Amino acid sequence: MTAAFIRGKRRRAAAAVGAVTFGLVALSACDKPTPLATVTVGTNTVTTEAVCLDEGTKLDEAALSKCLASKAPKTIKVKPGDKVRIGVEPKIADEGWIVAAGGAQKTAQTKQTYTSLDGQSLFVNQQARRMEETTVLSVVTSDGVWNVKLELDND
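Here is what the cut-offs are and how they apply
Residues numbered from 1 in each chain as written. Predicted model: local features only at pLDDT ≥ 70, side-chain atom pairs only at ≥ 80, totals over all residues. Heavy atoms only, no water. Buried < 20%, exposed > 50% of the residue type's maximum accessible area, 1.4 Å probe, protein only. Helix = DSSP H or I, 4+ residues; strand = E, 2+ residues; numbered from the N terminus. Pairing = 2+ DSSP bridges. Polar contact = N/O pair within 3.5 Å; in protein donor to acceptor, adjacent residues only side chain to side chain. Contact = heavy atoms within 4.5 Å. Salt bridge = Lys/Arg side-chain N within 4 Å of Asp/Glu carboxyl O.

1. Things to note about the pairing of strand S4 (residues 75–78)
Only one face of S4 is buried, namely the one carrying Ile76 and Val78, since none of Thr75 and Lys77 on the opposite face is buried. The pairing of S4 with strand S12 (residues 144–152) spans 4 bridges and is parallel. Note that in S12 the partner of Lys77 across the bridge is Glu151.

Okay, structure coming up:
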């Protein structure tokens, strides 16, 4: 009877060691998450990871253009008169960042973790001189881009 009890303990111990080993291997395979950018309009908030990030390496013009043209993974609706609030993690702020929308720079570079803009102004296409129904808001640093799609909600 004692022998069966000892074998059972060994099996449980072996299973525990196996589970721990598997967990460590799984964790080591995970990518490090990118810093997050958050966009809030009214009571709605979306948080996004970088569409492009090469920490410590400045994006060249071709890479930056490609990143700005990348599909935005999240969407948020903006009504006329709404404020669009953009927040970034301190890691992004420390480097300095700008906001771009519709291919145009909308803010000066800042090292603050938060800024807010008039939502309606983000939909103005300066080249075509008209309001767009959608635009991509981008948080841009020298080594990364975070995109969020904005939809104009005229309801």
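2. Topic: the side chain of Ser138
Tracing the backbone shows Ser138 in strand S11 (residues 134–140). In this structure Ser138 comes out as buried when scored by relative accessible area, which is 3%. Polar side-chain contacts of Ser138 include one of 2.6 Å to the side chain of Asn147. Once residues lying within four places of it in the same chain are set aside, the contact partners of Ser138 are Leu68, Ile98, Val99, Ala100, Val145, Trp146 and Asn147.

3. A short note on the pattern of salt bridges
Within this structure, the stated rule accounts for 4 salt bridges. The partner of Lys91 in a salt bridge is Glu55, with the nearest N and O atoms 2.7 Å apart. Remark: Glu55 occurs in the loop between strand S3 (52–53) and helix H2 (61–68) and Lys91 occurs in helix H3 (residues 90–95); sequence separation between them is 36 residues. Residue classification places Lys91 among the partly exposed residues on the basis of a relative accessible area of 42%. With a closest N to O distance of 3.9 Å, Glu151 and Lys77 form a salt bridge. Placement of Glu151 in strand S12 and of Lys77 in strand S4 is noted, with a sequence separation of 74 residues between them. Exposure remark for Glu151: the relative accessible area of 25% places this residue in the partly exposed category.

Any link to function would need more than the numbers given here.
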